[in-house]
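Here are the chains, one letter per residue:
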Amino acid sequence: MPAEERLPQLLKAIAVAKPQRESWLTEELYDLLLPLDEEARVERSSFRDVLLVISARLSAAQISAAALRQEFSFMARLVPALLIVKASRSEEVLEAIRRVAPRGPVRLMVSLRGRGKGVASEEAIAGSLRSAGVQLDRRAAEAIAVESVDELFVISYGITRKCGLSCTLLVITGPSAF
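Counting starts from 1 at the beginning of each chain's written sequence and moves along it residue by residue. For a predicted model such as this one, the threshold for reporting local features is a pLDDT of at least 70, and the threshold for listing and counting side-chain atom pairs is 80 or more; totals across whole chains, interfaces and linings nevertheless cover every residue. Side-chain metrics rest on all non-hydrogen atoms present in the structure, leaving aside hydrogens and water.

Quick notes on helix α3 (residues 60-68)
Cut-off, in case you're wondering: In this scheme, a residue with accessible area under 20% of its type's maximum is buried, one over 50% is exposed, and one in between is partly exposed, where area comes from a 1.4 Å probe on protein chains only. Runs of E in the DSSP output that reach at least two residues are strands. Runs of H or I that reach at least four are helices, and both are numbered from the N terminus. What the arc describes is the spread of directions from the helix axis to the C-beta atoms.
Of the positions making up α3, those classed as buried are Ala60, Ile63, Ser64, Ala66 and Ala67. An end-on view of α3 places all buried positions within 165 degrees of arc, on one side of the element.

Focus: the nonpolar core
Operational definition: Nonpolar cores are built from buried Ala, Val, Leu, Ile, Met, Phe, Trp, Tyr and Cys residues. Side-chain atoms within 4.5 Å join them into one set.
Formed by 26 residues in total, the largest nonpolar core has its most connected members in Ile97, Ile125, Leu129, Ile144 and Phe153. Elements represented by at least two residues in this core include exactly β5 (83-86), α4 (90-100), β6 (105-111), α6 (122-131), β8 (142-149) and β9 (152-162). Counting 23 residues, the second-largest nonpolar core is a separate cluster that includes Ala40, Phe72, Leu78 and Ile159.

Points about the state of the cysteines
Where we set the bar: Pairs of cysteine sulfur atoms within 2.5 Å are what we label disulfides.
Under the definition given, this model contains one disulfide. Between the sulfur of cysteine 163 and that of cysteine 167 lies a disulfide, 1.9 Å long from S to S. Given an S-S torsion of about -75 degrees, the disulfide between cysteine 163 and cysteine 167 has left-handed geometry. On the basis of relative accessible area, cysteine 163 is assigned to the buried category, the value being 2%.

Pasting the structure below:
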């Protein structure tokens, strides 16, 4: 199977660097990953300051838990890949998001890039969640995060924690596999 086809299976998180700190964040991520998986990789995406965390050995939950024990200087956000969807239609993305959504109050964190903006929108995601009975609340402790890199969507659910100055980490709280 070509590497591009295997990416959804191996992608474990999306890390967003603070502006112009991508190379330094790459080093911080390797400091986190290599003791756990010496074959883990951090790859640049086609978008500035957006990095892909790749591992065949580690789960998204393991990376999330390990990141919780470290403070980052160059990261703005880390979203573990609880669910990955390669989608060209909005309904594919919305259906996947509804699968991880809880019923209680939840905060919505959405960052869509490139062709992903043409597939889904924050308004469509919020509307779909509300119609499924999910209560959206900006002050909720738990959050649903949706990050896209073109048509590859990373969806996750958990609680947010600080992981350094101006750094947010989504920590998976539910089942780590769907």
